[in-house]
There are 2 protein chains.
Amino acid sequence: MPRRVDHDARRREIADAVLRLAATEGLESVSLRHVAAEAGISMGRVQHYFRTKDEMLVFAFEHQSSRHEERIVAKLTAAGRPPTARDVVRTVMVEILPTDEWSRASWLAGIAFFIRAMSDERMAAVVAAGGPGLIELFAERLGEADLPPGVDPRHEAVTLWALVDAQATAIVLGGRTPAEAVATVDYHLDRLFGG
Amino acid sequence: MPRRVDHDARRREIADAVLRLAATEGLESVSLRHVAAEAGISMGRVQHYFRTKDEMLVFAFEHQSSRHEERIVAKLTAAGRPPTARDVVRTVMVEILPTDEWSRASWLAGIAFFIRAMSDERMAAVVAAGGPGLIELFAERLGEADLPPGVDPRHEAVTLWALVDAQATAIVLGGRTPAEAVATVDYHLDRLFGG
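Residues numbered from 1 in each chain as written. Chains lettered and ligands numbered in written order. Predicted model: local features only at pLDDT ≥ 70, side-chain atom pairs only at ≥ 80, totals over all residues.

## Notes on helix 2 (residues 32-39) of chain B
Count 3.6 residues to each turn of an α-helix, and residues three or four apart come out pointing the same way. All names here are of chain B. Within helix 2, burial applies to Val35, Glu38 and Ala39. All buried residues of helix 2 fall inside an arc of 90° around its axis, so they share one side. Positive phi appears at Gly40, one or two residues downstream of helix 2, with a value of about 75°. (Buried ≥ 20, exposed ≤ 12 C-beta atoms within 10 Å, placed from the backbone. Helix = DSSP H or I, 4+ residues; strand = E, 2+ residues; numbered from the N terminus. Arc of directions from axis to C-beta.)

Structural data, given as structure tokens:
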């Protein structure tokens, strides 16, 4: 068992190195050598854990979601009460928006994956799956909530995802501030939940 | 005057060539030579109309908005009645979404500009200005409309822009269909205008 744990931990460390490089330099210049240097291990070790660069990139992209999930769970737990549907939705939305150094780096890494997806069909399929995944999560939570009549959980889930996706990119481009983005999220949630 | 007209018309033709190349190949490989070949003129003529590649790209980016405006005006005029605020907002939103060959190429060209903006501060400023411009247009129209109580035109304008921006990219990545995107727009406008 310890070997398996080490193996997974080492893969996650390498994935974190990929994400740091993606956020600062994009993915075009990311090589196994770069990643090895960033992770502080030999190229041979990187190749031991990932057979190809593509395999490493896909793992890093999925690992990024896990890191976000860990932070979301930590925030919801810290609140010290059972989270409502609105708590969960708001925490997920604010977590993804680039409001601190880590989430800003994470969104920039996401843009690097997106750029690669524009010229790489396999990566396009992986990146394109992110939106529907988030929409599904929102739709499930809204489906459980006591919403005003006439509200369609699925269309509303698309709107919540769009408010995160479009505003996150606007923040890193400098077109919106984190505070403006969160204010629009809170306005929207007030109306959605009939607050 | 004719010379001025010719000059502007030729600049627009060159800009259209830039947009076609941006949509199919991205901007990294776009050179003056490429653009000249695509526009069917000599490199010297391209240089006559644009002193630098940057100047040409910024003009092409702004020209793209003009082409969208022409199509929007044509659609609103074709309706044969004075457009309501909702008519204008919906027409703009559906126009930008990649629902036909031209608007798909236009959004792909926009992504190419966005990718360049990630490594080019001047282009970042130009690209970042696009969001606020659209939000302003929506906010003005919503401000004139008879909306239900409690509706904030500016936050709602951000949501309309986000629904266009995020869904347009999802369409070209294959994560949403044009019909799904338009259905969410119509659902949202029904609720916004109290339909």
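## Overview of the relation of the copies chain A and chain B
Superposing chain A onto chain B requires a rotation of 180° together with a translation of 0.0 Å along the rotation axis, leaving an RMSD of 0.0 Å. Each copy turns onto its partner about a two-fold axis. In this assembly the copies share their binding face: 100% of the residues contributing to the interface of chain A also contribute to that of chain B. (Least-squares fit on C-alpha atoms with pLDDT ≥ 70 in both. Contact = placed C-beta atoms within 7 Å.)

## Topic: the interface of chain A and chain B
Taken residue by residue, the interface counts 26 residues in chain A and 26 residues in chain B. Of all the elements in the fold, those that place two or more residues in the side of chain A that touches chain B are helix 6 (101-117), helix 7 (121-128), helix 8 (130-144), helix 9 (153-173) and helix 10 (178-192) of chain A. Considering each element in turn, the side of chain A that touches chain B owes the most residues, 11 residues, to helix 9 of chain A. Residues that form the side of chain A that touches chain B fall into these classes: 16 nonpolar, 8 polar and 2 charged. (Nonpolar A, V, L, I, M, F, W, Y, C, P; charged D, E, K, R; others polar.)

## Things to note about the environment of Asp146 of chain B
Residues and elements named next belong to chain B. Of note, Asp146 is situated in the loop between helix 8 (130-144) and helix 9 (153-173). You can call Asp146 exposed: it has 8 C-beta atoms within 10 Å. Separated by 47 residues in sequence, Asp146 and Phe193 have C-alpha atoms that sit 7.8 Å apart.

## Description of the packing of helix 9 of chain A against helix 9 of chain B
In contact at an axis separation of 8 Å, helix 9 of chain A and helix 9 of chain B are set at 80° when each is read in the N-to-C sense. Accordingly, the angle class assigned to the pair helix 9 of chain A and helix 9 of chain B is roughly perpendicular. On helix 9 of chain B, the residues touching Thr159, Trp161, Ala162, Leu163, Asp165, Ala166 and Gln167 of chain A of helix 9 of chain A are Thr159, Trp161, Ala162, Leu163, Asp165, Ala166 and Gln167 of chain B. Residue composition of the contact of helix 9 of chain A with helix 9 of chain B, grouped by class: 8 nonpolar, 4 polar and 2 charged. (Axes fitted to C-alpha atoms, helices over the stretch in contact; angles between N-to-C directions. Parallel < 35°, antiparallel > 145°, perpendicular 65-115°, else oblique.)

## A look at the environment of Glu140 of chain A
Structurally, Glu140 of chain A can be placed in helix 8. Through-space distance from the C-alpha of Glu140 of chain A to that of Ala85 of chain A is 9.2 Å; in sequence the pair is 55 residues apart.

## Here we look at helix 10 (residues 178-192) of chain B
The end-to-end C-alpha distance of helix 10 of chain B is 21 Å, a good match for the 21 Å that 15 residues give at a rise of 1.5 Å each. Residues of helix 10 of chain B that are buried include every one of Ala181, Thr184, Val185, His188 and Arg191 of chain B, and no others. Angularly, the buried residues of helix 10 of chain B cover 130° about the axis, an arc narrow enough to put them on a single face. In this structure, the buried residues of helix 10 of chain B make contact with helix 9 of chain A together with helix 5 (85-96) and helix 9 of chain B. Just downstream of helix 10 of chain B, Gly194 of chain B is the residue with a positive phi angle, here 65°. (Expected span 1.5 Å × (residues − 1).)

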